[in-house]
Amino acid sequence: EAQVTQNPRYLITVTGKKLTVTCSQNMNHEYMSWYRQDPGLGLRQIYYSMNVEVTDKGDVPEGYKVSRKEKRNFPLILESPSPNQTSLYFCASTLVAGGRSPLHFGNGTRLTVT
Amino acid sequence: QKEVEQDPGPLSVPEGAIVSLNCTYSNSAFQYFMWYRQYSRKGPELLMYTYSSGNKEDGRFTAQVDKSSKYISLFIRDSQPSDSATYLCAIRKSSGDKLTFGTGTRLAVRP
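Structure report, in brief. None of these values were measured; they are calculated from a predicted model. (Residues numbered from 1 in each chain as written. Chains lettered and ligands numbered in written order. Predicted model: local features only at pLDDT ≥ 70, side-chain atom pairs only at ≥ 80, totals over all residues. Heavy atoms only, no water.)

1. Some words on the environment of N26(A)
Residues and elements named next belong to chain A.
Thinking step 1. Looking at where N26 falls in the secondary structure, it is placed in the loop between β3 (19-25) and β4 (31-38).
Thinking step 2. Measuring from C-alpha to C-alpha, the distance between N26 and R72 comes to 6.4 Å, with 46 residues separating the pair along the chain.
Thinking step 3. Contacts of N26, omitting those with residues within four sequence positions, involve E1, A2, Q3 and R72.
Thinking step 4. Within the structure, N26 has its side chain in polar contact with the backbone oxygen of E1 (distance 2.7 Å).
Thinking step 5. Of note is the side chain of N26, whose polar atom sits 2.8 Å from the backbone nitrogen of Q3. (Helix = DSSP H or I, 4+ residues; strand = E, 2+ residues; numbered from the N terminus. Contact = heavy atoms within 4.5 Å. Polar contact = N/O pair within 3.5 Å; in protein donor to acceptor, adjacent residues only side chain to side chain.)

What follows is the structure in structure tokens.
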């Protein structure tokens, strides 16, 4: 089944403890992206990647890192999480950026930072 | 001013009703318009895609774009309880540009 898989689905951590949220897609998509979804603010892009080894900042990149060493994987790294990073995170992928190609989303990771 | 505005709802309608969901946007440069549906505890999924002005129909769903008013709509005919979800509009200026999402409207269809 074609899908974007994120892990974990739920994560509770403490301020400053480094964490990684994994994202993997099995559709051979070139473009991958991370979003956070907050009430009243909607989906905001954190980072995106047009292809392997090519990443760029989105609208809210502060406090996050990403890497794209392989086409299928695009992990999101929080080196020193803070409470304002408590949010619902989505990974998404599409064949190529733009045009009619739809974004395929994972089922989300709910992160709580205390 | 946000680039795209969307009423958060919630919107509650009886089964069988016609539902109208709307977004307004501020920049006339936007050309690509999409609607995503997001069920509870799931990621958004693409529902409708429209380029430039006009209507597009797919089953019970119709997407409408009025570029002169900078207004986009999604109509759902004969709404069903399974349509209960959050609906997000998404817009893009050009083919390679990023997507800008509305905040979403939560819809509940009562049996």
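2. Overview of the interface of chain A and chain B
Thinking step 1. Taken together, the contact between chain A and chain B spans 20 residues of the former and 19 residues of the latter.
Thinking step 2. Taken together, both faces of the contact between chain A and chain B bury some 1,500 Å²; the carbon and sulfur share is 50%.
Thinking step 3. Where chain A touches chain B, the interface holds 1 salt bridge.
Thinking step 4. For D59(A), the salt bridge goes to K98(B), with nearest N and O atoms at 2.7 Å.
Thinking step 5. Taken together, the connections running from chain A to chain B amount to 7 residue pairs in polar contact (both at pLDDT 80 or more).
Thinking step 6. When contributions to the side of chain A that touches chain B are tallied by element, the ones reaching two or more residues are β4 and β5 (42-51) of chain A.
Thinking step 7. The leading source of residues in the side of chain A that touches chain B is β5(A), at 3 residues. (Buried area = accessible area lost by both parts, 1.4 Å probe. Salt bridge = Lys/Arg side-chain N within 4 Å of Asp/Glu carboxyl O.)

3. Topic: the sheet that holds strand β6 (residues 54-58) of chain B
Residues and elements named next belong to chain B.
Thinking step 1. With antiparallel pairing, 5 strands are arranged side by side in an open sheet as β1-β3-β8-β7-β6. The sheet terminates laterally at β1 (4-6) and β6, the two strands that pair on one side only. Within this sheet the neighbouring strands show an average axis-to-axis angle of 15°, counted without direction. (Pairing = 2+ DSSP bridges. Axes fitted to C-alpha atoms, helices over the stretch in contact; angles between N-to-C directions.)

4. Section: the packing of aromatic side chains
Residues and elements named next belong to chain B.
Thinking step 1. Throughout the structure, instances matching the rule amount to 12 aromatic pairs over all chains.
Thinking step 2. Each ring, one from Y32 and one from Y49, has its centre 6.3 Å from the other, and the planes form 55°; the classification is tilted. Here Y32, found in strand β4 (residues 32-38), pairs with Y49, found in strand β5 (residues 45-51); they are 17 residues apart in sequence, far enough to count as distant.
Thinking step 3. A residue is classified by how much of its surface remains accessible, and Y32, at 13% relative accessible area, is buried.
Thinking step 4. The exposure class of Y49 is buried, given its relative accessible area of 7%. (Phe/Tyr/Trp six-rings, centres within 6.5 Å; stacked < 30°, edge-to-face > 60°. Buried < 20%, exposed > 50% of the residue type's maximum accessible area, 1.4 Å probe, protein only.)

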